[in-house]
Amino acid sequence: MSRLVVVSNRIADPRQTAAGGLAVALAEVLNNTGGLWFGWSGKIVDDAEGDDVHMLQAGPVKLATVDLSHVDHDAFYLGYSNGVLWPVFHYRVDLADFDAGYINGYRRVNQLFARKLLPLLRPDDVIWVHDYHLIPLAAELRALGCTQQIGFFLHIPLPPPLMLAAIPGHDWLMRALFAYDLVGFQSQSDVDHFTKYVETEAHAQPLDGQRWRAFGRTVRAGAFPIGIDVDEFTGLTYASEAVEMYERMKREYSRRKLLVGVDRLDYSKGLPQRMRAFREFLTRHPELRSSATLIQIASPSRENVSAYTDLLRELETLCGSINGNFGELDWMPVRYIHRTVPRARLPGLYRASRVALVTPLRDGMNLVAKEFLAAQDEADPGVLVLSRFAGAAEQLKEALLVNPYDTEGTAAAIQLALQMPLEERRDRHQAMMRTVRQYDVHWWCESFLAALAEAQPEEKGTSWL
Ligand code: GDG
């Protein structure tokens, strides 16, 4: 079995259970192959210092990290990755900041990663690169002579070609995908956008519905929807911390039904739209008002990107006005928490909730939807209200699917969810859990790596840059 090398912007110590499903799943494969995980250390240093690789042995897995300089961090991470690619890939061209300097920082850091990773590689390694921060990494590695199999997985959506075309340098960015042997996406609609882009903009030649040829290379592409580690999550659900949380919530809300939202505070998650829909529901159904409480956890994220501070203010204003207008002396409709809740407690909160509101405006997959389902009591499960614009909607067809821009429609779905009879809740939950179990994070890992192993070894030494 070849050694697996995982490359991502941030790395998680696989020995820490707080790391979450993705880290756990990757750690399992890394453990089995005595693998290497390479990424940014999370440290920002003065320019002159930032060139060493820090090595740490975490059980059988080697962690290798590099620091970033202030200039590189600003241009690569805040600038190009989160100020250009994140908004455009989430269909928010209006929020993108196309500063010409960012792309140089993005290239510099990808070149730094390639330079530092190359000497650590063995000839039969299989390399798996993650996410939008590192799209050109394979091209940079190939330019240095790397011939190993390299796969790429995009955790966020790929927008349609015309939207991609708004990015200055989009042709360079998309061409870089051909340096990989396999490119994986979350959903079929992402694959369709890829197909359309490479065939129309890059004039790639389709081979067999799964592979495309351009720039002297062949790339395979497909959908590999990410899942959760169901057993790990069920374990967490019945561990003491989550059970305590569950019991506390059940006691405190014995006469009310709980709705829950758990999101990073990000404009892609549709939080203001969700609050407006909840306000609409309260307005339309005065009889149900005091029987429902929405707990919204919005964990802080990228606070040094300006679009996020605007969002924070908007959300705080909305929550304040809903509570001010609808609250009673002994009841507030919204409990808004702008902090990160410990992972061990989340399943208890999910389990105590009758409804989950997962209503992003655009989302690669959305794991909260799957975590909520996995934490439910099978005999009396809650209802998932899910945006049709989340990648998860392609799989979880038995959810109450909504258009988050449609305030009235989402409000109606909230009412339906709160009043759904037990039998229907059970049927829908059972059907969705079959999917969540079948396509769990282990399936995701194994199917991606199997497809990568099958991808043809490619022409060596193609020039890229
Ligand atoms: C990207 C893509 C794709 C959230 N708040 C807290 C907390 N969380 C945890 C959730 C869940 C994870 O964070 C969020 O995952 P999502 O999938 O919802 O979203 P992104 O962070 O945007 O992730 C997404 C994902 O990559 C994987 O490919 O699904 O589409 O955007 O696990 O539980 N965890 C804790 N406290 C919080 O307050 N502990």
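Residues numbered from 1 in each chain as written. Predicted model: local features only at pLDDT ≥ 70, side-chain atom pairs only at ≥ 80, totals over all residues.

### As for the nonpolar core
Judged by nonpolar contacts, the single largest core of 144 residues is most densely connected at V7, A356, A369, L384, V385 and L386. Discounting chain neighbours no more than four positions away, the residues touching A356 are V260, Y350, A369, F372, G382, L384 and V385. (Core = buried A, V, L, I, M, F, W, Y, C linked by C-beta atoms within 7 Å. Buried ≥ 20, exposed ≤ 12 C-beta atoms within 10 Å, placed from the backbone. Contact = placed C-beta atoms within 7 Å.)

### So, the packing of helix 10 (residues 271-284) against helix 11 (residues 306-326)
Two numbers describe how helix 10 lies on helix 11: the axes approach to 9 Å, and their chain directions differ by 10°. Between helix 10 and helix 11, the angle falls in the class roughly parallel. When helix 10 is examined against helix 11, the residues L271, P272, M275, F278, R279 and L282 are found in contact with a partner set consisting of E314, L315, L318, C319, I322 and F326. (Axes fitted to C-alpha atoms, helices over the stretch in contact; angles between N-to-C directions. Helix = DSSP H or I, 4+ residues; strand = E, 2+ residues; numbered from the N terminus. Parallel < 35°, antiparallel > 145°, perpendicular 65-115°, else oblique.)

### Things to note about the confidence of the model for the protein chain
Per-residue confidence for the protein chain averages 93 on the pLDDT scale, and 95% of its residues sit at or above 70. What the predictor reports for the complex is a pTM of 0.96 with an ipTM of 0.99. (pLDDT = per-residue confidence, 0-100.)

### Digging into the sheet that holds strand 5 (residues 126-130)
Read from one edge to the other, the open sheet built from 10 strands follows the order 3-4-2-1-5-6-7-10-9-8, with strand pairing classed as mixed. Looking at strand neighbours, the two that pair on one side only are strand 3 (53-58) and strand 8 (205-206), the edges of this open sheet. In the sheet, strand 2 (residues 36-45) pairs with strand 4 (residues 61-69) via seven bridges, with the strands oriented parallel. When the sheet's bridge partners are listed, I44 is paired in strand 4 with L68. Docked against the sheet, helix 2 (residues 70-89) engages strand 2 and strand 4, running at close to 100° with respect to strand 4. Packed onto the sheet, helix 3 (residues 102-117) meets strand 1 (4-10), strand 2, strand 3 and strand 4 and runs at close to 145° relative to strand 4. (Pairing = 2+ DSSP bridges.)

### Description of the sheet that holds strand 16 (residues 400-402)
The six strands lie next to each other as 13-12-11-14-15-16, forming an open sheet whose pairing is parallel. Of all strands in the sheet, those with a lone pairing partner are strand 13 (334-337) and strand 16, marking the two edges. Pairwise comparison of adjacent strand axes, ignoring direction, gives a mean angle of 20° for this sheet. In terms of strand pairing, strand 14 (residues 355-358) meets strand 15 (residues 383-387) through four bridges, oriented parallel. Counterpart to L357 in the pairing with strand 15 is V385.

### Observations regarding the pairing of strand 9 (residues 211-214)
Pairing analysis gives two bridges linking strand 8 to strand 9, with the strands arranged antiparallel. Paired with P206 across the bridge in strand 9 is W212. Connecting strand 8 to the next strand, strand 9, in antiparallel fashion are four residues, including G209 with a positive phi near 85°. As defined by bridge partners, strand 9 adjoins strand 10 (residues 217-223) across four bridges and the pair is classed as antiparallel. Directly across from W212, in strand 10, lies its bridge partner V219.

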